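Understanding the architecture of this molecule
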Amino acid sequence: MNNIENSADRRIITLRNTTKNFGTLMALNDVSLSIKEGEEVTIMGPSGSGKTTLINLIAGLEMPTSGSITVNGIELNSLKQEGLAEFRRDNIGIVFQQFHLIPYLTAVENIMLAQYFHGLPDKEDAMNTLEIVGLKDRARHLPSELSGGEQQRVAIARAIANEPSIILADEPTGNLDEENEQTVLSIFRQLKDEGKTLILVTHNADISAGSDAIIRLEHGRIKQPTTPIEALKETG
Amino acid sequence: MFFKIVISSIKRRAGLYIPMLAAVSISLCLVGTEVIVSSSFNKLMNKEMLKYGANVILRPPLPAKIYSTDEAVRMFVSDNLINGKKVPTAFVSIPDLLKMNGAWLVKGSSGILVGEDAASRIHVHIGEEMKVDGAQGSVAILESGTEFDSYIFINKKADTPNMELIRTSKPERYSGTNSIILSEMIKTKNAVLESIKKLMFFVALISMLVAAAAVINLSRTDAGARRKEFGIFKSLGASYTSIIKLISGEFMLLALVSLAIGALAAELLSWMILSSTAGTVPQIEIGSFLTVAAISFAAFLMAVLVYLIESKRMDAAEELRNE
């Protein structure tokens, strides 16, 4: 496959025959896919279908049992732990369902933490990032002093603090009410408009409505490529 | 940002770190006290010993000079036949002679001082009238523990001295002479100090073991609880090295705080012990401080190792999976 193509067609993520086993459990089974730069892709499927494993493999948090993964031109299989850390720092922003903010750091410090690992903590930049998610006035609050929606917005701000080209979000609205869900989704849409590649794991068909492609996983395999409209019909 | 993260993390774990800090500080206090007190006792006793000095007898020919820090008494010594026994007899200023060694014991007072061995050989006793070499007086007995116990001293300045007694703390300066060192006193001092040291070391060792066990156990508990935090760091692109740097920062800061508390407490406890037992105050010694510092950093290095193992074992993806 050619990774260096016209920027509009450039495949930023490519998995070739990727399998991931956990002992005897096959979490992903011979998955091949490619995602173009700037695309918004939704990964759907029942619990245990391998969605989170797929995200973790793309993030370099896990290594495939077989097959290869190329992200932004980087062959992840060839990297050691330090190389993978550097890859994440430069390319990936991750948002989790449980937010995973550091509880003893304030909102702005959580963002600066990501900058710190990247080598350039900058309070002003961190404040600007908080402003993007509409939480500048909550900068000095600890996560325990923020609502679930606010925590997730801080987590998104932290994920984009180092301006990664790829945002991975694992059930980002799973713990949010409808109002906060819409706020978070509008932030993701804004990121997409800025040219970020978004990969969202979700059970929620509404979220997938605006995406460019849907990957349906079942028992660790891609069931079929689906369009957002088909997905909406299936879930009613 | 590094210090912000480190300090915030320490504050967050105050409930865990305070007992750890207390255990290490108490241990450091005891070890520090052991080092300071035994070292102070040693110095004190050495100083006391110097008052007595080590004595060197110079045989003729007399030296042209003695070292300026030393003191000398000159005497004329010849053998006398007393009660059928040959006894070395010295003409010397007895007050000057007795100043040479504060450890010498004199029983009675007189112009004739008889060493206890000599008194036994010629059968004279304390307070008896004695006449020797033209001098007369009642007998006082000298117990020096040296070869002077076989001498008789007559309190008369020597006109033509043929021997010199030098008080010096460094007998090696006068090589080839017959030096009489207070070896028994030194042995006793060393034995007493050794006993004190052993006792205090034993107490310090137990406290160190307790502190080490506390540090390791508390670290293991906390390291397990912090796996998720390390997972978050990794997901943000933290390398293994940068996580260890943060943990090391926390524990180096704790080591510094415990060092300050432990060293201060050791100085205070040493001051209490020394002022109440020896009437002296401890000196701040770089050696003691370095010993305590080394133990403090070693204790917390153990904790860093626990975290190092835990973060190496940790699977970030597993820790961050949705619950």
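Cut-offs applied
Residues numbered from 1 in each chain as written. Chains lettered and ligands numbered in written order. Predicted model: local features only at pLDDT ≥ 70, side-chain atom pairs only at ≥ 80, totals over all residues. Heavy atoms only, no water. Phe/Tyr/Trp six-rings, centres within 6.5 Å; stacked < 30°, edge-to-face > 60°. Buried < 20%, exposed > 50% of the residue type's maximum accessible area, 1.4 Å probe, protein only. Salt bridge = Lys/Arg side-chain N within 4 Å of Asp/Glu carboxyl O. Helix = DSSP H or I, 4+ residues; strand = E, 2+ residues; numbered from the N terminus. Pairing = 2+ DSSP bridges. Patch = residues over 30% accessible without salt bridge, like charges linked within 9 Å, V, L, I, M, F, W, Y side chains within 5 Å. Areas by Shrake-Rupley, 256 points an atom, 1.4 Å probe, with all protein chains shown as cover. Axes fitted to C-alpha atoms, helices over the stretch in contact; angles between N-to-C directions. Left-handed = near helix turned anticlockwise from the far one by under 90°. Contact = heavy atoms within 4.5 Å. Nonpolar A, V, L, I, M, F, W, Y, C, P; charged D, E, K, R; others polar. Buried area = accessible area lost by both parts, 1.4 Å probe. Polar contact = N/O pair within 3.5 Å; in protein donor to acceptor, adjacent residues only side chain to side chain.

Turning our attention to the packing of aromatic side chains. All names here are of chain B. One pass over the full model with this rule turns up 10 aromatic pairs over all chains. Seen from their ring centres, Y151 and F153 are 5.7 Å apart, and the 20° between their planes marks the pair as stacked. Exposure remark for Y151: the relative accessible area of 5% places this residue in the buried category. By the ring-pair criterion, three or more aromatic residues cluster together here, those being Y17, F230, F251, F300 and Y307.

Right, let's get into the pattern of salt bridges. All names here are of chain B. Taken as a whole and judged by the stated rule, the model has 14 salt bridges over all chains. In this structure, the salt-bridge partner of R13 is E229, at a minimum N-O distance of 2.5 Å. Note that R13 is positioned in the loop between α1 (2–12) and α2 (14–52) and E229 in helix α6 (residues 227–235), a separation of 216 residues in sequence. Summarising the burial analysis for this pair, R13 and E229 share the class buried. The structure contains a network of salt bridges with shared partners spanning R13, D222, R226, E229 and E250.

What follows concerns the sheet that holds strand β1 (residues 11–22) of chain A. Residue and element names in this part refer to chain A. Across the sheet, which stays open at both edges, the 4 strands sit in the order β2-β1-β4-β5 with antiparallel pairing between neighbours. Where the open sheet ends on each side, the last strands, each with one partner, are β2 (25–36) and β5 (74–75). Pairing geometry for β1 and β2, over 8 bridges, is antiparallel. The residue of β2 that forms the bridge with T14 is S34.

A few words now on a nonpolar patch on the surface. All names here are of chain B. On the surface, L268, W271, M272 and V281 cluster together into a nonpolar patch covering about 410 Å² of accessible area. Mapped onto the secondary structure, V281 falls in the loop between α7 (240–277) and α8 (286–313). Judged by its relative accessible area of 43%, V281 falls in the partly exposed class.

Attention shifts here to the packing of helix α3 (residues 107–118) of chain A against helix α4 (residues 123–132) of chain A. What describes two packed helices is the angle between their axes and the distance between those same axes. Residue and element names in this part refer to chain A. It is at 9 Å that the axes of α3 and α4 come closest, and there the two elements cross at 115°. For α3 against α4, the interelement crossing comes out right-handed. Seen from α3, the contacting residues are A107, V108, I111, M112 and Q115; seen from α4, they are K123, D125, A126, M127 and L130. Taken together, the residues of the contact of α3 with α4 break down into 7 nonpolar, 1 polar and 2 charged.

This paragraph deals with the interface of chain B and chain A. Across the boundary between the two partners, chain B contributes 30 residues, which contact 31 residues of chain A. Of the roughly 2,700 Å² buried between chain B and chain A, counting both surfaces, carbon and sulfur atoms make up 62%. Inspection of the chain B/chain A interface yields 1 salt bridge. Here K4(B) ties to E109(A) by a salt bridge, and the two come within 3.2 Å at their closest N and O atoms. The tally of links between chain B and chain A comes to 6 residue pairs in polar contact (both at pLDDT 80 or more). Secondary structure elements with two or more residues in the side of chain B that touches chain A: α1, α6, α7 and α9 (316–320) of chain B.

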